[in-house]
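Architecture and fold: a report
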Protein chains: 2
Amino acid sequence: MKIVIIGGVASGAKAAAKIKRLLPHASVKIYTDDTHVSYSSCGIPYYIQGNFTDYKALLVRSPEEFRKSGIDVYLESKVEKILPLQKSILVAHPDQAELVKYDKLIIATGARPKIPEIKGINNFDGVYTVRKIEDAINIREKMLISKKAVIIGGGYIGLELFEAFVKNGLTVDLIEHNDYLMHNLDDEMSVLFREKLEENKDYNFKIYTGEKVTEFTGKERVLKSVKTASGKEIKTDMVILCSGVKPNVELAKDAGIEIGETGAIKVNKIMRTSIEDIYACGDCAEKTHIVSGKPVWIPLGSTANKEGRCAAMNAAGVYAEFDGVLGSTVTRCLNITVASTGLTEKSAKNIGFTPVSVIINKPDKVAYMPDASDITLKVIADKITGLLLGAQAIGSVGADKRINTITSALLGHLTAQEFNNNDITYSPPYSTTIDPILNAMQILCTKTERDC
Amino acid sequence: MKIVIIGGVASGAKAAAKIKRLLPHASVKIYTDDTHVSYSSCGIPYYIQGNFTDYKALLVRSPEEFRKSGIDVYLESKVEKILPLQKSILVAHPDQAELVKYDKLIIATGARPKIPEIKGINNFDGVYTVRKIEDAINIREKMLISKKAVIIGGGYIGLELFEAFVKNGLTVDLIEHNDYLMHNLDDEMSVLFREKLEENKDYNFKIYTGEKVTEFTGKERVLKSVKTASGKEIKTDMVILCSGVKPNVELAKDAGIEIGETGAIKVNKIMRTSIEDIYACGDCAEKTHIVSGKPVWIPLGSTANKEGRCAAMNAAGVYAEFDGVLGSTVTRCLNITVASTGLTEKSAKNIGFTPVSVIINKPDKVAYMPDASDITLKVIADKITGLLLGAQAIGSVGADKRINTITSALLGHLTAQEFNNNDITYSPPYSTTIDPILNAMQILCTKTERDC
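Residues numbered from 1 in each chain as written. Chains lettered and ligands numbered in written order. Predicted model: local features only at pLDDT ≥ 70, side-chain atom pairs only at ≥ 80, totals over all residues. Heavy atoms only, no water.

**Comments concerning unusual backbone geometry**
All names here are of chain A. Phi is positive for Glu220, close to 50°, though the residue is something other than glycine. Tracing the chain through its elements places Glu220 in the loop between strand 13 (213-219) and strand 14 (222-228). Assessed through its relative accessible area of 73%, Glu220 is described here as exposed. For Leu334, which is not a glycine, the phi torsion comes out positive at approximately 50°. Mapping Leu334 onto the fold places it in the loop between strand 21 (329-333) and strand 22 (336-342). Relative accessible area serves as the criterion here: at 5%, Leu334 is assigned to the buried category. (Helix = DSSP H or I, 4+ residues; strand = E, 2+ residues; numbered from the N terminus. Buried < 20%, exposed > 50% of the residue type's maximum accessible area, 1.4 Å probe, protein only.)

**Describing helix 12 (residues 436-447) of chain B**
For helix 12 of chain B, built from 12 residues, the straight-helix expectation of 16 Å at 1.5 Å per residue is met to within 8% by its first-to-last C-alpha distance of 17 Å. Summarising burial for helix 12 of chain B: 9 of the 12 residues are buried, a large majority. The inward-facing, buried residues of helix 12 of chain B contact helix 8 (301-315) of chain A together with strand 23 (355-363), strand 24 (374-382), strand 25 (388-395), helix 10 (399-411) and helix 11 (416-419) of chain B. (Expected span 1.5 Å × (residues − 1). Contact = heavy atoms within 4.5 Å.)

**Points about the nonpolar core**
Among the nonpolar cores identified, the biggest contains 76 residues, and A:Val379, A:Leu388, B:Val379 and B:Leu388 are the most heavily contacted of them. If sequence neighbours within four positions are ignored, A:Val379 has contacts with A:Val356, A:Ser357, A:Val358, A:Leu388, A:Gly390, A:Ala391, A:Ile406, A:Ala440, A:Met441 and A:Leu444. (Core = buried A, V, L, I, M, F, W, Y, C linked by side-chain atoms within 4.5 Å.)

**A few points about the packing of helix 10 (residues 399-411) of chain A against helix 12 (residues 436-447) of chain A**
Residue and element names in this part refer to chain A. Axis separation between helix 10 and helix 12 bottoms out at 10 Å; the angle between their running directions is 50°. Considering their axes alone, helix 10 and helix 12 lie oblique with respect to each other. Packed against helix 10, whose contacting residues are Arg402, Thr405 and Ile406, the element helix 12 presents Pro436, Ile437 and Met441 at the interface. Its residues placed into classes, the contact of helix 10 with helix 12 shows 4 nonpolar, 1 polar and 1 charged. (Axes fitted to C-alpha atoms, helices over the stretch in contact; angles between N-to-C directions. Parallel < 35°, antiparallel > 145°, perpendicular 65-115°, else oblique. Nonpolar A, V, L, I, M, F, W, Y, C, P; charged D, E, K, R; others polar.)

**Here we look at the sheet that holds strand 10 (residues 148-152) of chain B**
Residues and elements named next belong to chain B. Across the sheet, which stays open at both edges, the 5 strands sit in the order 9-16-10-11-12 with parallel pairing between neighbours. Because the sheet does not close on itself, it has two edges, and the strands there are strand 9 (127-129) and strand 12 (205-209). On average, each strand axis in the sheet is tilted by 15° relative to the strand beside it, whichever way the strands run. Sheet topology note: the strand 10/strand 16 (residues 238-241) ladder contains 4 bridges and is parallel. Residue pairing for strand 16: Val150 is matched across the bridge by Val239. Docked against the sheet, helix 4 (residues 133-144) engages strand 9 and strand 16, running at close to 145° with respect to strand 9. Lying over the sheet, helix 5 (residues 156-167) contacts strand 10, strand 11 (171-176), strand 12 and strand 16, oriented at roughly 165° with respect to strand 11. (Pairing = 2+ DSSP bridges.)

Purely spatial values, then, with no claim about function.
Have a look at this one:
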């Protein structure tokens, strides 16, 4: 049994390890054009910030460790073509080309940063994307000798780097071309989040939304400033492009594998693509949204791990299903926790639900406890059925775990009415007698057409 | 419309406020033999510890505030008899007796500490139970002039006071007559919890289990020591009795109201007792366990609030159901968080499930993050159906919120298989790529007879 995996960051590495455990005698090979394998790209912003100092902590498993467990890893080896009929792939190693046969193929090619169209974008040093270990090392090195940085993009990666830079003393301009930061939040929650960020007076930063970078200026290779559509010129030593990512599907597409409506590789419940014996998982694969039942593309490390495991099991002949995602996320920015799960009110409306929602602001523990702090929670349900659709939270540590409590309810397709009296843990150091989640549910119940 | 409520700590106070909101013109009266109304008894250990200094912070709403909103509160007014046929109660005020008519009666008489049979228990000062505001004040005053304390009982109240005393520099002996602390945990989790407590070398304490206090000794009214069944004599300045509580049902029983098999007042889904127009809620009322469907008596402040609200709605003519409890709890002791929800493995077996379980010990966030710490998690499912039955966690802050994630799953009657790929939030400062809960579920799946 020959199992070939293309890509080895999260889902590819997970798949390889799982298969080897299920089929100890199978041949398992990972091919990747990357210089590293099996690393935590989610940890890169925290390395850059200096939460830990050795980038090697990001490496989950080295090529040597894979080899010891009988998995061959080929770094800097780009797969140029998949030949499904011949069940082979063409690999371009640094020094030679190779044709490799497979019985089962797992595509885990991930995603890559979108590069916005900006004049002069390729003309200067000091312009970075964030994806690979080298990016982490290069950005941190440059940050330590810089005074000013511009971040283009106000999604979670942009915000995590924003935190890293301002906490390292840089003056940062964050520029988002949409009107709101964090598109996983509804607009009013995004506004609140931005207000909370801007309450921080210890750091030097400006946030621009609805603003587009149009040009990079500089001399020779030295970056000097970015210019914006509204006519601003912002001096900077470095720029990070965080304008989102797109799935790496070209190889699959070229092989005739079906691409879904989201632009990612279409897979079924067992992570199989449209072609027999070829699986896809991780950031290159399309997902199903558990609440809406619709295809979505929400690339996240936690999902990649689960999908890698599921693809591996099926490739190894052990039936397993992956039901889909809720798009649950959490981001830390200047010690504010922003978390969300399920549909936003906006997206719920677009899909055809009739959403009602509640936003509450309550202490996260009994107010007489010394470290009580507020949490703002938005919960969304369908007006007619009461079905819970999603939730968003902004607060301190703990806001994310409240979202997880709702995540399980979304997974179980519970209504606000069913959740209303949920027996969640209570003690003064941990929550209020009626936890903010339950407060929100009580109000939400009164807004739906079902009895409470 | 005359609504009378007996008792006003948690569920009674909640019920009164809710009814007044639903029926602004109704007469709402609270009668209690207590000197205070509407207070957080769960907060008493933290007042004693000194987490906040004014006991008034424990008072949620004063009698004056109730009166302002049109609710009459009668303190130190003991209800001596309920006459269901006459729809009246007999009240003994400090200075006179009164017969009060009701249209709807809500019994919220709560629970009281069990007093163990110990020789000399009534002979000395410095022996306390913990229930009321006066207890809080008296215990704190005594603690501040004491060097040694004995706590009898290793449940959550005992442990919360234990923390309070050792953190205030006292030498504490905690004596539990059962073989294990915290009966909401399975034995091996209780052992682990005790080990973690005993790792604390900053404080002076000893924990005894399987040990019974048999005698209090002293001179005149001054307590000197406690003696135990195994022959120990422990010198002490004060003793706190935390040997559990029992429901105050005598008044209801005397009125012919049905008492359930657990010894608490039997109620149906709308919190009505066996007698028309009489409701019961809070610690005096029996509850239904959502996982087992069986009657249980688990008295908790969070449940009391929900039941008070439900009883109030029905008494006011607005239909509402209370489905039951999961027995979810969280306790902080020496900065260890212990939380649980649902059935223990032991109780699941007793009820007739065929439980399988998994215990894992994992970092609560990615190990390279500076403040990662371990969490030990036990999750229990039914072997045949995969149905999740309960969970227990020991760790730092956050252990409780992981339990809440499982709580929602218990509420939705999810299986380990359904939970397995739950899309809970992930980011390195908050969890591991595969959160400990999901790790546990993956293993649990392999132990059940359902496919994963």
